[in-house]
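Understanding the architecture of this molecule
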Amino acid sequence: MARDPRSVLPLNPRAFYILVALAAEQSHGYAIAKSVEAATDGVVRLTAGTLYPLIRQMLADGWIAECGAVRDQDPRRRMYRLTPWGTRIAQAEALRLAQAVRMASKSRLIPAEAFA
Amino acid sequence: MNPWLRRLFALLLFAYPRDFRTSYALTMREHFESETPEWSGVLRTVWDVLSGATAMRAENVWRDFIYAVRMNAKAPLFTTVVVGAIALSIATNTVAFALLNAVLLKPLPYANPSQLGFVWQRMTGPNGPTTMPLSNVQVDALAQDSKIFASVTASMSPDTVATNGGATLRRLQVKANYFSTLGVRPVIGAFLTDGGSAQQAVISWSLWRTRFGGAANVLGKTLKLQGDLYTIAGVAPQGMLDPTPDSLVQTEVWTKIPRMPSSSGNQIVVFPLVRLHDGVSWQAAQADLSRIQHALNVASGPFPGVHYYTGPLDDSLFSGARSFLWMVYAAVTGVLLIACANVANLLLVRGTVREGEFATRSAVGASPRRIASQVFTETAVLATAGAAIGLVLAWAAMPWARSTIPGDFPRLQTAGIDSPVLLYVVGLIIAVTLLTGMLPAYKRRSNKTGKMSKHIGRALAVVEIAVAFALTAGFGVMLHSFVAMTSVPLGFSARNVYVANIHPNRDTIFRTQIPPISHAGVDREIVRRIRAIPGVLDATAATSVPFQNAFRMTIGLQAGWNRDRNGPPLMVGAVQVGATYFQLLHIPMLAGRGFAAADFSESTSSVAVNETFAHEYFPRGNVVGKLIRVSPGETWHVVALVGDTRASFKEEPQATVYLPFNGGFGPYFGLALRTAGPLPGLAGEVKRVISRTDAGAGAVDVSSLQDLIAQNAADTRTGMELLGVLAGVALLLALCGIYSVIAYATQRRFHEIGIRVAVGARPRNVIGLILNAALVQGALGIAAGLLLFACTARLLAVELYKTAPLDPLALGVVIVLMIVCAAAAALVPAWRAMRVQPASALRYE
């Protein structure tokens, strides 16, 4: 796909968190929500009402894909993984945010201990 | 987790579209149940679900909408035909509803209007009852003797009076409790009071705003009416309407009915308006009226055969409008139904053409349900576009409709596209979408083809024929009635005849207590001067002329009036006429002599009678020379027998006595005159002549008798023509419907027909095959249409003259017409089928 991933930026923050969570490992819906919640100290909470419509949208747009059921888990739990296109989007958004963070820290908006 | 919360969440998931629900509901429930229950979290989830689901659904609808617009734009001819048909039928339906709403459906602007009604006296004459208002004395008796009415008031007929600076105002003279009976409140000040001065006036809201600038200090100011000063006591509310027996009128000033000294012997004709106590029925009121009949009769004088009756205001105001407007509404709704059936049919046929497109969509994963909702959205887009255009058309047609509807219905002129009408159009869009979109969408969803769609198409064609039949039958019956009505002989000639009606100046009468026209010789002077107008051949005085009916009088003859037979009491029509009345109107003199100069003296006793009178009361012939005893002191001498005349198209001739005009009846005076030809400026000339004499005349109106006759027929004619146009449109649409169904079915049978022809079927057999299908549909449609017409025919009954609503002649003609039409619609497909070559038909295999 020759499309530039920057054409879909900036992302809905919740969508970005889902992509980031899936970049680490393939996962199912509830696990995604839990890992995002843990990583953000409970600040970002993906409820059932926000998570699954986003998953459906990202499936339809080809950012993520379903993988086959994992043997030792409940077969009703659907596992998701990033597609190459989804990975490129996540990278592009991460770069965009990194740029913004660099700017902010140059302007001394971010205290040093935040990176610790 | 709380089981209630679980259940709530499961229920909440139904907000999502079905396809999302089937894939994610289970996972979402698990997810929700494993979260720690915390009120803020639950509330957030509820919010997330609802907003997300709404967005998702809106997106679906929006996508369907865009797709629908694109699909419709791809088929411009189809879209134009469908949108045009919907637009036209919605436009006519909207106009009809706007009229219906303005005239009939809007509540009357009074407190509890269903408790209000008029009281009448009805005199039973030889040819049916005559209805008359009451006198002020009778109204006083009514208020005193009847306990069933919460309030009894009265108004006179409205008139126009001169005020300061040459302007005129529309005035209504009422009893003091008029406003409280209606239940309206003054904007400022007070309404009329019984005890107060006779010179009080209430002014309308618009007069207050325009002439007095809406200032509060208007109270106590004076207003000059016909030379007398009145003190303004209050201002009536905005939009106040006054009920008169057959209309709602707008008045600018209200004053009290003047007191007539009882010694004068004169009584004032008034319209008694009553209000019932809470919970009292009109039947009970009627029974009470009959109980006090005697007291009212004493007040009215010894007239025989008088009955009093009452009923709700609605009935007297809207009796004419009701049947007409509902009839028109039923007719346009019939046309709308046919248009919907046609559009549904077109959509079905187009659906089969688009089979490939639907197959592709379902192959890429669209569920039948999604495709059905897509098809439904396309229909909704068509219906909405049609309604939008229809609304513009309706808005443009409103002024035309207001001026074309006959019969001057109350509040007709207020009809327009207002908020109830807009709401109604929204309802129409939904109805049209459901009616036209259900079948095609259902077909997509159930994915049935072939046999079922054939049946649906046929059923639609039958419905169209049924509705078209009912409308055409209605038109046929009205046409028959109209021909019957207008072909009866009227008994006189109206060619070049003009009539003038002179309204007396009411205030002069009250002041002088005598009808000014009775001054000796004024009438003769007017007639003499009008005869002198160049171009006028003849003129005569008359209290009433057929079809003008300015002042129709009924005289009661007491028991024993007829010396030969000791006759029973009866009521006869009475007209006072001048010497040349019969020649002028070409009413045939059948026996005896016309009135001579001597008959017009004060002590006259010569009368003429008409044929109906002679036939009813002197069946053995020879009425000329007989005596009629009117009262102990008065006897009439019959000198002539004249031909019957009709007072209007719908009335049979009444037994009538003609008396020589000598101004004795009352303040009313009319003229008939015949000219050599059309005479421009005649009306002005006549008015000038009358204003120069001492007739004390108020308004004078002059009209051509031929116009009056045409107007009398116009009510019926316009209704009939309207129904005719609508029936024609319905018939045309139904023909298109039959045609498309038969043509489509025939096309599907080409293969079968090819085989039939190959094995030896003759063209005759092939035509028979196709015609047969058309005729079966036609017959079913006619049967259903007959049933439909029988159920709705009572709407017509009021409009008909001597014709039964289920008129066999008209129905027979319409049945034959429908059969011919059904056969004609099948002719083209049949002709095509006949030319099918067996080889080419079989090549399709």
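Structure's up top.
Below, the structure is looked at part by part. (Residues numbered from 1 in each chain as written. Chains lettered and ligands numbered in written order. Predicted model: local features only at pLDDT ≥ 70, side-chain atom pairs only at ≥ 80, totals over all residues. Heavy atoms only, no water.)

This part covers the overall build of chain B. Per the secondary structure count, chain B includes 25 helices and 26 strands. In chain B, buried positions account for 49% of the 845 residues. For chain B, long-range pairs separated by at least 24 residues make up 80% of all intrachain contacts whose partners lie at least 6 apart in sequence. Taken as a whole, chain B presents about 38300 Å² of accessible surface, with 61% of it coming from carbon and sulfur. (Helix = DSSP H or I, 4+ residues; strand = E, 2+ residues; numbered from the N terminus. Buried < 20%, exposed > 50% of the residue type's maximum accessible area, 1.4 Å probe, protein only. Contact = heavy atoms within 4.5 Å. Areas by Shrake-Rupley, 256 points an atom, 1.4 Å probe, with all protein chains shown as cover.)

A word on the side chain of Q548(B). Residues and elements named next belong to chain B. Note on placement: Q548 falls in the loop between strand 17 (536-541) and strand 18 (553-557). Overall, Q548 belongs to the buried group, its relative accessible area being 17%. Contact partners of Q548, with chain neighbours within four places excluded, come to V499, A500, N501 and L708.

Turning to the sheet that holds strand 2 (residues 64-67) of chain A, a few remarks are in order. Residues and elements named next belong to chain A. Taken in spatial order, the 3 strands line up as 1-3-2 in an open sheet, and their pairing is antiparallel. The sheet is open, and its two edges are formed by strand 1 (27-28) and strand 2, each paired on a single side. For strand 1 and strand 3 (residues 79-82), the ladder comprises 2 bridges, and the chain directions are antiparallel. Bridge assignment links S27 to a residue of strand 3, and that residue is Y80. Relative to strand 3, helix 1 (residues 13-24) is tilted by about 95 degrees, and along the sheet it contacts strand 1, strand 2 and strand 3. (Pairing = 2+ DSSP bridges. Axes fitted to C-alpha atoms, helices over the stretch in contact; angles between N-to-C directions.)

Cis geometry is adopted by the peptide bond preceding P10(A), which originates at L9(A) and carries an omega value of -10 degrees. Inspection of the secondary structure assignment puts P10(A) in the segment before helix 1. Even without being a glycine, N112(B) presents a positive backbone phi close to 40 degrees. Its location among the elements puts N112(B) in the loop between helix 4 (76-105) and strand 1 (116-125). The phi angle at K802(B) is positive, at roughly 50 degrees, despite the residue not being glycine. Along the chain, K802(B) falls in the loop between helix 23 (794-797) and helix 24 (808-834). The exposed category is assigned to K802(B), whose relative accessible area is 64%.

The subject of this paragraph is the interface of chain B and chain A. Reports often express the size of an interface as the amount of accessible area lost when the parts come together. Counting residues at the interface gives 21 residues for chain B and 22 residues for chain A. Counting the surface lost from both chain B and chain A, the interface buries some 1900 Å², and carbon and sulfur atoms represent 51% of this. The largest contributions to the chain B side of the interface with chain A come from Y24(B), H31(B) and R44(B), which together make up 31% of the buried area. Where chain B packs against chain A, one counts 0 salt bridges. Counting the contacts that link chain B with chain A gives 5 residue pairs in polar contact (both at pLDDT 80 or more). Sorting the residues of the side of chain B that touches chain A by element identifies helix 2 (18-34) and helix 3 (39-74) of chain B as the ones contributing at least two each. If you tally residues by element for the side of chain B that touches chain A, the top one is helix 2 of chain B, at 11 residues. (Buried area = accessible area lost by both parts, 1.4 Å probe. Salt bridge = Lys/Arg side-chain N within 4 Å of Asp/Glu carboxyl O. Polar contact = N/O pair within 3.5 Å; in protein donor to acceptor, adjacent residues only side chain to side chain.)

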